[in-house]
Amino acid sequence: MKFGGSSVADADRIRGVGDIVIARSKGEPKPPVVVVSAMKGVTDMLLGAARSAEEGKREYKDAIYGLMGKHHDAVKALVTDNSAGASLLIEVDGLLDELGEILHGVELVRECSPRTKDLVSGFGERLSCRIVAAHITDRGIECEAVDAREIIRTDDNHGRAVVDFTVSGKLIRDRLAGRKGISVVTGFIASTADGVATTLGRNGSDYTASILGAALDTDAVEIWTDVDGILTADPRIVPNAWVIPEISFQEAMELSYFGAEVIHPYTLIPVMEKDLPVYIKNTLNPQAAGTRISRTAAPKDSPITGIASIDNISMITIEGGGMVGMPGIAGRIFASVAAAGVNIIMITQASSEHSICLVCRTDEAERAVDLLKRDLSDAIYSRMIRDIIITTGLEIVAVIGENMKGRVGLSGKLFSALGDAGINILAIAQGSTELNISFVIENSSKTEALGAIHRAFIG
Ligand code: ADP
Ligand code: ASP
Ligand code: MG
């Protein structure tokens, strides 16, 4: 059972988490394993503090006081046993002192490496995990806090570390399998073989839960959040989006990859192999059925299951008549972008081969183009490539659904709906699995575009 930042946002919400976990532990032969995120907003505060310290600004000290107030309030409200409460407050202060020393070091050297950033950003989970565990213990249920750095092993790719499933699986089973009480594990954080702190990427606590679920071969993984399940679109953009009761692994993966932040894109990888279902549930509305993600989702009437979108996108267009029929050009382009460490989200090439478009995040586009211009300088010099252009301020929209396979006329209907809404489309891609049609639009037409597709296909 994984509880996200909004589910542990304050003392009241944590009490609600306690209710849900305790109720579940009573109905099951084995106690649940619980994963928690940092309290809402804490990871952002930690990263903001690291930035301030790096710039030599003393605001980071205010952030530490802010964190102290927030966590002290939670402890005081949630742990009624005086001596347990006092020792937890000492533990919280100990962690915040350690954080203060690290940030002071950052301030002195005026540098925060990705490695240090991982260490700093993990404090939120280390704090929340202890508080949730202490609260459950305070309610008379056997419960232990577990630091995931002891059981999830990764490489040292800081900011988005890669999990070693073989080593982690063994560590997880040794530490958690067969335990009598409830274990509350920190989401998001992990460590290298040398014990250096790493993180699984922003939103990574979902992934922590599925790594544990797969290693322990649980019956299911539950992601508890602040919405009733996976919705047909982001509710902040399409207010009348509704809950999808059942969805396949593939569809849910595509939706999360294209920006439905309700689950981290990697979450389904470990559980798919073991065929464990994942449920998305609402902490504020535990009675709601939620969404069931599994291999066998019931067929739907609508051709489209959901819509997702990614902001802050740029398009790199490489064009030139000389690229027509030039073998190896695509290979050179991709090798160059890969060397720049840029993740390409979407690719299109017109059959005239006159241009190739790569779509990536705006903060990576400049870096990609610099390296492309250097690596392709011979082709630019000989005029085979005329220009490499960046267009910014864009959005990728992806329309997803198993039912789209082999459905004639679907793209026609999709693009007419967008045309009728007056939306200009800059590039289109469809995978051969026909599970996904993605296209690029201007950022400013996002709300209109999502609304138009939702009206045309989902209702
Ligand atoms: P948590 O703190 O529990 O990890 P997140 O904020 O990471 O929660 O994810 C839940 C949020 O994802 C929802 O509040 C909602 O605004 C957003 N969201 C975006 N797209 C979708 C979608 N298709 N279905 C459900 N929620 C979505
Ligand atoms: N606390 C981390 C974040 O804000 C991980 C998570 O919430 O899943 O990204
Ligand atoms: Mg999340």
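Structure report, in brief. (Residues numbered from 1 in each chain as written. Chains lettered and ligands numbered in written order. Predicted model: local features only at pLDDT ≥ 70, side-chain atom pairs only at ≥ 80, totals over all residues. Heavy atoms only, no water.)

### Let's talk about the nonpolar core
To keep it simple, the criterion reads: What is meant by a nonpolar core is a set of buried Ala, Val, Leu, Ile, Met, Phe, Trp, Tyr and Cys residues, joined one to another through side-chain atoms within 4.5 Å. Any residue under 20% of the maximum accessible area for its type is buried, any over 50% is exposed, and the rest in between are partly exposed; the area is computed with a 1.4 Å probe on protein chains only. For the purposes of this entry, the term helix denotes a DSSP run of H or I that reaches at least four residues, the term strand denotes a run of E that reaches at least two, and both are numbered from the N terminus. Contacts are assigned to residue pairs with any non-hydrogen atoms lying within 4.5 Å of each other.
Residues Ile152, Ile172, Leu176, Val185, Leu212, Ile230 and Ile293 are the most contacted members of the largest nonpolar core, which totals 52 residues. Among the elements that make up this core, the one with the highest residue count is helix α8 (residues 205-216) (6 residues). Among all residues touching Ile293, those that are not within four sequence positions of it are Ile230, Ile247, Ser248, Phe249, Ala252, Ile263, Leu268, Pro277, Val278 and Ile280. Residues Leu46, Ile64, Ile131 and Ala133 belong to the second largest nonpolar core, which totals 49 residues.

### Quick word on the pairing of strand β16 (residues 436-442)
Definition in use: Strands were regarded as paired on the criterion that DSSP finds at least two bridges between them.
Within β16, 6 of the 7 residues are buried, which leaves the element mostly enclosed by the surrounding structure. The pairing of strand β14 (residues 387-400) with β16 spans 7 bridges and is antiparallel. What sits directly across from Val399, in β16, is Ile437. With 5 bridges connecting them, strand β15 (residues 425-430) and β16 associate as antiparallel partners. Across the sheet, residue Ala427 finds its bridge partner in β16, namely Val440.

### Quick notes on helix α5 (residues 114-121)
Convention followed: Here, the arc refers to the directions that run from the helix axis to the C-beta atoms.
Of the positions making up α5, those classed as buried are Asp118, Val120 and Ser121. Buried residues along α5 cover an arc of 165 degrees about the axis, so they all sit on one side.

### Quick word on the packing of helix α2 (residues 42-54) against helix α4 (residues 82-109)
Basically, it comes down to this: To define axes, lines are fitted to C-alpha atoms, for helices over the stretch in contact only, and angles between the resulting N-to-C directions are given on a 0 to 180 degree scale. Whether a crossing is left-handed or right-handed is set by the direction in which the near helix is turned from the far one by less than a right angle, anticlockwise for left-handed and clockwise for right-handed. Three categories are distinguished: nonpolar for Ala, Val, Leu, Ile, Met, Phe, Trp, Tyr, Cys and Pro, charged for Asp, Glu, Lys and Arg, and polar for the others, with Gly belonging to the last.
Packing of α2 against α4 brings their axes to within 7 Å, and their N-to-C directions diverge by 35 degrees. Here α2 runs over α4; the crossing is right-handed. Of the residues in α4, those touching α2 at Leu46, Ala49, Ala50, Ala53 and Glu54 are Leu99, Leu103, Val106 and Glu107. A per-class count over the contact of α2 with α4 returns 7 nonpolar, no polar and 2 charged.

### Describing the site of ligand 2
To keep it simple, the criterion reads: Being near a molecule or strand, for a residue, means having at least one of its heavy atoms within 4 Å of it. Whenever two N or O atoms come within 3.5 Å, that pair is a polar contact, provided that in protein one can donate a hydrogen and the other can accept it, and provided that, for residues adjacent in sequence, both atoms are side-chain atoms.
Around ligand 2, a shell composed of Ser37, Thr43, Glu125, Phe188, Arg202, Asn203, Gly204 and Ser205 is seen. Arg202 is positioned such that a nitrogen or oxygen atom in its side chain is 2.7 Å from an oxygen atom of ligand 2. For ligand 2, an oxygen atom lies 2.8 Å from a polar atom in the backbone of Asn203. Grouping the amino acids of the shell around ligand 2 by side-chain chemistry returns 1 nonpolar, 5 polar and 2 charged.

### As for the environment of Pro239
Inspection of the secondary structure assignment puts Pro239 in the loop between β7 (221-225) and β8 (246-248). Distance from Pro239 to Cys129, taken between C-alpha atoms, is 33 Å for residues 110 residues apart in sequence.

### Re the side chain of Ser309
Mapped onto the secondary structure, Ser309 falls in strand β11 (residues 306-319). Within polar-contact distance, the side chain of Ser309 engages the side chain of Glu395 at 3.1 Å. Once you skip the residues sitting within four places of it in the chain, Ser309 turns out to touch Ile237, Phe258, Gly259, Glu395, Ile396, Val397, Lys446 and Leu450.

### A look at the site of ligand 1
Here is the rule: Reported accessibility uses the Shrake-Rupley method at a 1.4 Å probe radius. Residues are deemed covered only where the shown protein chains occlude them.
If you check the shell around ligand 1, you find 18 residues, and the closest are Gly5, Asn203, Thr225, Asp226 and Leu231. Contact between ligand 1 and Arg236: an oxygen atom at 3.2 Å from a side-chain N or O atom of the residue. Expressed as a share of its isolated accessible area of 570 Å², the protein-covered part of ligand 1 is 89%.

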